[in-house]
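Chain by chain, the residues:
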Amino acid sequence: MEGLVQGKVALITGAGSGVGRAACLLFSEHGAKVIAADINGDNAEETAAMVRDAGGECVAVTCNVADPASVDAAVAKAVDTFGRLDAIYNNAGITVSPVPGKGLRSLVECEPDEMKRVEDVNINGVIYGSQAAIRQFEKQASEGKGGGSIVSTASVSGLTGYGGVIYGTTKGAVVQLTRALAIEVADKGIRVNAVCPAGMLTHYAGMDPESEHRDMILQSMGKAHPLGRAIDPRDTAAAAMFLCSDLASNITGVNLPVDGGFTAGRKVGG
Ligand SMILES: NC(=O)c1ccc[n+]([C@@H]2O[C@H](COP(=O)([O-])OP(=O)(O)OC[C@H]3O[C@@H](n4cnc5c(N)ncnc54)[C@H](O)[C@@H]3O)[C@@H](O)[C@H]2O)c1
């Protein structure tokens, strides 16, 4: 049976952990050739080895999404290795460090340097990834094969007031970029969408997916979602893969919640 993204070449950022690693594995299971890009080259290499061990095609690249030259080099690596680019999944993202023993840092507790770093990775990282991908898609169109898909990881924090001011502001920017860019490049046949996950147990925000309290953490995350389960990184990867696939060929400008119903609301009295 053909996979959902059979033969497509997909560049996935933040590929060394969490959602990005799950996406590399899932896209490959569904037939994609994958470039696993992460600022942590060793972790990207580990992901690529996992994909290859499972029988897939994957190369790793060290890439800082906040540096446009580094992103251009990752796209060039995709083209050198696999001949073209069909999709970029702008997934890398970070948040402001929590206050030890307290949790979420309030706006007035945030330091300018850290705020700038989060903005640079979460907003500019998506912008640079999208620019590099569009340039490559346009080149391919001039050679006779147009189209291309851009998917980014936003968050429910970009759709609601949940999750902290600076982080939510960056993810709100990704939500808006998704709509505006979708309109801008629609006539080139390029589609632009985002996934908006709720809470997942990854290395995000200093969490530890291997924690001895893993089950308890997952249970408490799940309580925030009407469906009652924490979001699995693979749930988010699956939504991103669908949006990259030809099944989604008439879908663009969408910010798809992957949130167990979190943004849908609450039962009266619930
Ligand atoms: N975990 C959650 O609860 C949650 C919820 C909503 C959205 N998200 C978003 O999901 C995405 C994936 O996060 P995750 O949960 O898998 O976290 P994670 O920390 O496990 O993985 C993030 C990966 O991004 C990489 N990275 C960080 N900065 C980078 C940079 N400048 N360039 C390239 N790679 C970089 C890290 O090295 C890491 O491998 C992020 O955009 C995050 O904001 C996470």
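Described in the following lines is the structure provided in the data block. (Residues numbered from 1 in each chain as written. Predicted model: local features only at pLDDT ≥ 70, side-chain atom pairs only at ≥ 80, totals over all residues. Heavy atoms only, no water.)

**Observations regarding the packing of helix α1 (residues 18–29) against helix α2 (residues 41–53)**
Then, number 1: Between α1 and α2, the shortest axis-to-axis distance is 10 Å and the interhelical angle comes to 25°. The orientation of α1 relative to α2 falls into the category roughly parallel. Both α1 and α2 take part in a crossing whose hand is right-handed. On the side of α1, the interface is formed by Arg 21, Cys 24, Leu 25 and Ser 28, while α2 contributes Asn 43, Glu 46, Thr 47, Met 50 and Val 51.
Then, number 2: Grouping the amino acids of the contact of α1 with α2 by side-chain chemistry returns four nonpolar, three polar and two charged. (Axes fitted to C-alpha atoms, helices over the stretch in contact; angles between N-to-C directions. Helix = DSSP H or I, 4+ residues; strand = E, 2+ residues; numbered from the N terminus. Parallel < 35°, antiparallel > 145°, perpendicular 65-115°, else oblique. Left-handed = near helix turned anticlockwise from the far one by under 90°. Contact = heavy atoms within 4.5 Å. Nonpolar A, V, L, I, M, F, W, Y, C, P; charged D, E, K, R; others polar.)

**A word on the pattern of salt bridges**
Then, number 1: In total, this model carries eight salt bridges according to the counting rule given.
Then, number 2: The partner of Asp 246 in a salt bridge is Lys 8, with the nearest N and O atoms 2.9 Å apart. A residue pair is termed long-range when its members are at least 10 positions apart, and Asp 246 in the loop between α7 (233–244) and β7 (255–258) and Lys 8 in the segment before β1 (9–13) qualify at 238 residues.
Then, number 3: Look at Asp 246 and you get exposed, because its relative accessible area is 52%.
Then, number 4: The shortest N-O distance in the salt bridge between Glu 46 and Arg 21 comes to 3.1 Å. Taken together, the positions of Glu 46 in helix α2 and Arg 21 in helix α1 put the pair 25 residues apart, joining distant regions of the chain.
Then, number 5: A relative accessible area of 44% means that Glu 46 is categorised as partly exposed.
Then, number 6: Given a relative accessible area of 16%, Arg 21 falls into the buried group. (Salt bridge = Lys/Arg side-chain N within 4 Å of Asp/Glu carboxyl O. Buried < 20%, exposed > 50% of the residue type's maximum accessible area, 1.4 Å probe, protein only.)

**Some thoughts on the site of the ligand**
Then, number 1: Within the structure, the ligand sits among 27 residues, and Ser 17, Asp 38, Asn 91, Tyr 167 and Thr 202 are positioned closest to it.
Then, number 2: Compared with its free state, where it exposes 830 Å², the ligand has 92% of that area covered by protein.
Then, number 3: Of the residues that constitute the shell around the ligand, the class distribution is 13 nonpolar, twelve polar and two charged. (Near = heavy atom within 4 Å. Areas by Shrake-Rupley, 256 points an atom, 1.4 Å probe, with all protein chains shown as cover.)

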